[in-house]
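Chain by chain, the residues:
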Amino acid sequence: MQLSFKNINFDELIKKFLYQEKDIYPLITFRITFGLLMCIAALRTMWNGWIEKLYVEPQYFFKFYGFEWVQVLSLENMYLLYIIIAISAFFVAIGFFYRISIFLFFLSFTYVELIDATNYLNHYYLVILLSFLMIFIPAHQYFSIDNYIFKNKKTIIPAWCIHIIIAQLCMVYFFAGFAKLHSDWLFNAMPLAIWLPEKSNIIPFTSFLFEQKWFAFFFSWCGAFYDLTIWVFLLIKKTRPIAYIFVIIFHLMTWALFNIGYFPLIMITSTLIFFSSNWHQKMYYYFINNKKIEIVSPFLFNKNIQYFIGIYLMIQILLPFRHLIYGGNVLWHEQGYRFSWRVMLVEKNAKATFYIEDESSGQKSEVLNSKYLTDFQEKQMSIQADFILQFAQIIAKDYQSKYNIKKPKVTADVYVALNGRTSKKLIDSNINLLDLKDGFKKKDWILKFQD
Amino acid sequence: MKNKGFFLFLLILLQFSCDKNNTSPCDYDYDTRLIFEDIINNHLSPKLSNFNIQLEDLNELKNTFINNPNYTNLENLRNQFITVYHQWQYIEPFSFGPGESLQIVKKVNNFPVNYSLLEANISAGTYDINAPDNYYSGLPAIDYLLYGIANDDNAIIDLYNNNDNYKNYLNDVVNNIVNVSTSFENEWETYKSTFFNNTGNAAGSSLSLMINAFNEQYERTKRDRLAIPSGQITMGETFPEKLEGYFSGISSDLLIKSLESSQQFFNGNGSNGLNDLLDDANIQKDGTPLSQIINQQFQSAITSVQQLPKPLDQSIELHTSEVVSAYSEIARQVVYIKTDMPSALCIAITYIDNPSDSD
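Residues numbered from 1 in each chain as written. Chains lettered and ligands numbered in written order. Predicted model: local features only at pLDDT ≥ 70, side-chain atom pairs only at ≥ 80, totals over all residues. Heavy atoms only, no water.

### A short note on the overall build of chain B
- Helix and strand counts for chain B come out as 15 helices and two strands.
- In chain B, 77% of the contacts between residues at least 6 apart in sequence involve partners at least 24 apart.
- For chain B, the accessible area works out to roughly 14,500 Å², and carbon and sulfur atoms hold 47% of it. (Helix = DSSP H or I, 4+ residues; strand = E, 2+ residues; numbered from the N terminus. Contact = heavy atoms within 4.5 Å. Areas by Shrake-Rupley, 256 points an atom, 1.4 Å probe, with all protein chains shown as cover.)

### Quick word on the overall build of chain A
- Check the secondary structure of chain A and you find 20 helices and six strands.
- The C-alpha radius of gyration computed for chain A amounts to 25 Å, which stays within 12% of the reference 22 Å derived for 451 residues, consistent with globular compactness.
- Here the C-alpha coordinates of chain A stretch approximately 80 × 55 × 50 Å along the principal axes.
- Here chain A, with 451 residues, has 58% of them falling under the buried criterion.
- Of all intrachain contacts in chain A linking residues separated by at least 6 positions in sequence, the fraction that spans at least 24 positions is 73%.
- Only carbon and sulfur atoms are counted for the fraction: they give 65% of the accessible area of chain A, which is about 20,800 Å².
- Where the 43 positive side-chain charges of chain A centre and where its 32 negative ones centre are 9 Å apart. (Rg over C-alpha atoms; globule rule 2.2 N^0.38 Å. Buried < 20%, exposed > 50% of the residue type's maximum accessible area, 1.4 Å probe, protein only. Lys, Arg positive; Asp, Glu negative; His and termini not counted. Charge placed at Lys NZ, Arg CZ, Asp CG, Glu CD.)

### Describing the pattern of salt bridges
All names here are of chain B.
- Going through the model one piece at a time under the given rule, you end up with 23 salt bridges over all chains.
- A salt bridge links Glu75 to Arg78; the nearest nitrogen and oxygen atoms lie 2.9 Å apart. Linking Glu75 with Arg78, this pair stays in helix α3 (residues 71-91), spanning three residues, or about one helical turn.
- For Glu75, a relative accessible area of 24% translates into the label partly exposed.
- Take Arg78: its relative accessible area is 6%, and that puts it in the buried class.
- Of the charged contacts in the structure, one is a salt bridge between Glu329 and Arg332, with a shortest N-O distance of 3.4 Å. Of this pair, Glu329 and Arg332 both sit in helix α15 (residues 320-345), three residues apart, which is roughly one turn of the helix.
- In this structure Arg332 comes out as partly exposed when scored by relative accessible area, which is 42%.
- Linked by salt bridges that have partners in common, Glu92, Arg220, Arg225 and Glu244 make up one network. (Salt bridge = Lys/Arg side-chain N within 4 Å of Asp/Glu carboxyl O.)

### Some thoughts on the sheet that holds strand β4 (residues 364-366) of chain A
Residue and element names in this part refer to chain A.
- On the basis of which strands lie adjacent, the open sheet formed by four strands has the order β4-β3-β5-β6 and antiparallel pairing. The strands lining the two open edges of the sheet, one partner per strand, are β4 and β6 (424-425).
- Examined bridge by bridge, strand β3 (residues 348-358) and β4 share three bridges and lie antiparallel to one another. In the strand pairing of β4, Tyr355 is matched with Glu366.
- On the sheet, helix α20 (residues 385-402) packs against β3, β4 and β5 (408-418) and is oriented at approximately 35° with respect to β3. (Pairing = 2+ DSSP bridges. Axes fitted to C-alpha atoms, helices over the stretch in contact; angles between N-to-C directions.)

### Description of a nonpolar patch on the surface
All names here are of chain A.
- Among the surface-exposed residues, Phe97, Ile100, Ile145, Tyr148, Ile149 and Phe150 lie close enough to one another that they form a single nonpolar patch of about 590 Å² accessible area.
- Per-element accounting of the nonpolar patch gives the leading share, four residues, to helix α7 (residues 145-150).
- Considering the arrangement of structural elements, one finds Ile145 in helix α7.
- Look at Ile145 and you get partly exposed, because its relative accessible area is 35%. (Patch = residues over 30% accessible without salt bridge, like charges linked within 9 Å, V, L, I, M, F, W, Y side chains within 5 Å.)

### Remarks on the packing of helix α5 (residues 98-115) of chain A against helix α6 (residues 122-135) of chain A
Residue and element names in this part refer to chain A.
- Interaxial distance between α5 and α6 falls to 9 Å at its minimum, and their mutual angle equals 155°. When the axis of α5 is compared with that of α6, the two are roughly antiparallel. Pair α5 / α6 crosses with left-handed handedness. In this structure, α5 contributes Tyr98, Arg99, Ile102, Phe103, Phe105, Phe106, Phe109, Thr110 and Glu113 to the contact, and α6 contributes Tyr124, Val127, Ile128, Ser131, Phe132, Met134 and Ile135.
- A per-class count over the contact of α5 with α6 returns 12 nonpolar, two polar and two charged. (Parallel < 35°, antiparallel > 145°, perpendicular 65-115°, else oblique. Left-handed = near helix turned anticlockwise from the far one by under 90°. Nonpolar A, V, L, I, M, F, W, Y, C, P; charged D, E, K, R; others polar.)

### Examining a negative patch on the surface
- A grouping of Asp29, Asp31, Glu37, Asp279 and Asp280 of chain B is seen on the molecular surface, where their side chains present a negatively charged patch.
- For Asp280 of chain B, the position within the fold is in helix α12 (residues 274-280).

### Section: the confidence of the model for chain B
Residue and element names in this part refer to chain B.
- In this model, chain B carries a mean pLDDT of 91, and residues with pLDDT of at least 70 account for 90%.
- Counting interchain partners and residues more than four positions distant, the pLDDT-below-50 stretch residues 10-23 has 10 contacts.
- The complex prediction reports pTM at 0.91, with the ipTM value standing at 0.88. (pLDDT = per-residue confidence, 0-100.)

### Structural notes on the side chain of Gln80 of chain B
All names here are of chain B.
- Positionally, Gln80 belongs in helix α3.
- For Gln80, a relative accessible area of 11% puts it in the buried group.
- The contacts of Gln80, once residues within four sequence positions are left out, are Gln54, Asp57, Leu58 and Leu61.

### Notes on the nonpolar core
Residue and element names in this part refer to chain A.
- Among the nonpolar cores identified, the biggest contains 157 residues, and Trp160, Phe354, Tyr399 and Leu433 are the most heavily contacted of them.
- In terms of residue count, the dominant contributor to this core is helix α8 (residues 160-178) (14 residues).
- With near-sequence residues (within four places) excluded, Trp160 lies in contact with Phe17, Leu18, Tyr19, Phe136, Ile137, Leu300, Ile305 and Ile309. (Core = buried A, V, L, I, M, F, W, Y, C linked by side-chain atoms within 4.5 Å.)

### Looking at the domain arrangement of chain A
Residue and element names in this part refer to chain A.
- Domain assignment breaks chain A into domain 1 (9-19 + 160-338), domain 2 (25-153) and domain 3 (347-435).
- Put simply, the middle of domain 1 and the middle of domain 3, counted by C-alpha atoms, are 37 Å apart.
- Contact residues are listed per partner, giving nine residues for domain 1 and 14 residues for domain 3.
- Summed over both partners, the interface of domain 1 with domain 3 comes to about 1,100 Å²; 49% of that surface belongs to carbon and sulfur atoms.
- Taken as a group, Trp332, Glu334 and Arg338 account for 53% of the area that domain 1 buries against domain 3, more than any other trio of residues on that side.
- The residue Asp386 makes a salt bridge to Arg338 at a minimum N-O spacing of 3.0 Å.
- Inspection of the domain 1/domain 3 interface yields eight residue pairs in polar contact (both at pLDDT 80 or more).
- If you list the elements that add at least two residues to the side of domain 1 that touches domain 3, you get α10 (192-198) and α18 (330-333).
- Residue composition of the side of domain 1 that touches domain 3, by class: six nonpolar, no polar and three charged. (Domains from an automatic or database assignment. Buried area = accessible area lost by both parts, 1.4 Å probe. Polar contact = N/O pair within 3.5 Å; in protein donor to acceptor, adjacent residues only side chain to side chain.)

### Some details on the interface of chain B and chain A
- Each partner contributes to the interface: chain B provides 49 residues, whereas chain A provides 57 residues.
- Scanning the region where chain B abuts chain A turns up two salt bridges.
- Linking chain B with chain A are 12 residue pairs in polar contact (both at pLDDT 80 or more), by the criterion used here.
- Taken together, the elements giving at least two residues each to the side of chain B that touches chain A come down to α1 (2-17), α10 (206-227), β1 (284-285) and α15 of chain B.
- In terms of residues, the side of chain B that touches chain A owes the most to one element, α15 of chain B, which gives nine residues.
- Tallied by class, the residues present in the side of chain B that touches chain A amount to 23 nonpolar, 13 polar and 13 charged.

Pasting the structure below:
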């Protein structure tokens, strides 16, 4: 058989990938596990007292470009917001007013994450994307409370409902693996060589391993190999069961070793969606024994859906490559770092000293960062250029309210030590940070990384 | 096909694991126990027992003064106080272990003293001298009680003669320091072996505790002993009364002592200090050994403070440019010890508590 692009019938492919009729069962498992996990995660945040730490303690918050308008709420309302997240997630799990619930979950969760960019984590971003996709997916048409209220039980859905989530998960893995293909990770075992010896007491009788250099290399290479390939092995029917065992082992291990919250659980549960509908079906038939109801909603098969999906996938594929536009070492300047599945790649130690000067009088002052920021915010600010700009504005505003400053100039000495190196200057320390505007344009005041 | 790939993968792996020549970071094989033993047995122990002996003398001279407040007794007490305050600087970096549980730094040297609160305590006659994080006890309170409560020595002595509340307060402050410091010495005796055996670079390991405490002490020196009083963060608006030892006028000496204390903490007493660890790991910055950079920076910081005219409270008003340059010598060190050293030794700065997960 000869393979060439000419022979591939794209219409046929799209038809199969997007519009083929499929059983709904994998989505049901996905809905229930996702909803329950998110509910528990929201409760955990409240239980741990993180709302106070993250939203009450800080006086200032760092913003994502374009989302400066997102404001923190009062303590009571923050709790209310988290209760909405928890309840809506639970409603998603049980399929109770599913569409409203998932939409509410998406909105409230996204709002919370936009309040302070300091707290950005890739797995929060993943939750935002998955819940966004779920708004459009009828994951409540089976095994849900809605079935009883609206009599809407249906077991057939178009393939895209499942495939879009599978595609999203594949991209997470692939890009996480792809980002590891650089010299720090592969040839210096960084930052695992820093982190693993710290963890030597976690798994009994293995501490001697964790202090070995080769062990960090072993972990680094296995991790990169896992991320780059696991999604392929999950897609192939024959290797799927073994691959899933590796999914469980890998994520449980990272869960034990690193402080990564519920991310491993999301991956362990959501990758079940790779399994066939027959596999999922058996579980549900144990609970409710009834026949397939082969009614389908025609609008789910609408031709325009393919454009929506095409655009979504294009964005998701291109975003992780946007750092190429900026050039240089993305681990250093962090332009195009977020929303790209770069996980566990850097250990940074930084010190940022800000100065404010009145250019008309020559009077100069150093700034005590801790007067404005929590330790955690200060740490994040010192390594991210957009936060540095925002902080310069915060400083200027405060000093101008206290002192008579006619021509304010804010400069900063920012030293960053990346992955076990000694520190280097991150930004031009002569530039007036108040003159700079944040944006997607390359920040040419960030100094080149010198190894 | 699959087996081949895996074999290749193993081969590459093997190649890296056998590469003994690499000078990559975190690759040091130093018996850190030697550092711990040196800093505790040869540095802290003698300094602490001396400090407690000096405190005992202070206590006796305090009793003499309270029984008979006169000029000679006041002068003797003051001199001993200055000795004690100097000696304290060597203890201050040890804020971990028993230092943390006893809150030794806050109990002994929370400055600047809140003298209006202190005066209110004296007039009320009731107070909790050992209250956590208060600013009316410890050495800063003695500084005020022996030098600051009135304008001249006669007036000070009169206050003690005429008002028992002053006597009681001085008595309570000194006794409290003696109590805290005695428990500190006792607790170190039992904590010692835990400390020596807590190797590794994890958060909470002895090395991490040491480096974090070292940095905390240094930042405190930079910020509280000079930056805040001399107006470095307030557009030149100075607060001389916030200097450590302001009333006795020994701020400049205390600042120098605290810098020397930091340097000794870094170098240890013998041949096993943090500096030796850096050397053993062959850590360089721009071609120079980091330990050398740090020691040179300590030297220039100390020299530049020594060159400031005394007393410091006048210098910060009259010699601003010299103070600024002395301050920048002190400030320059922070990058070396807080950013470079922990990074190269793969120690996390743990006093930053992450209130969420990471990824």
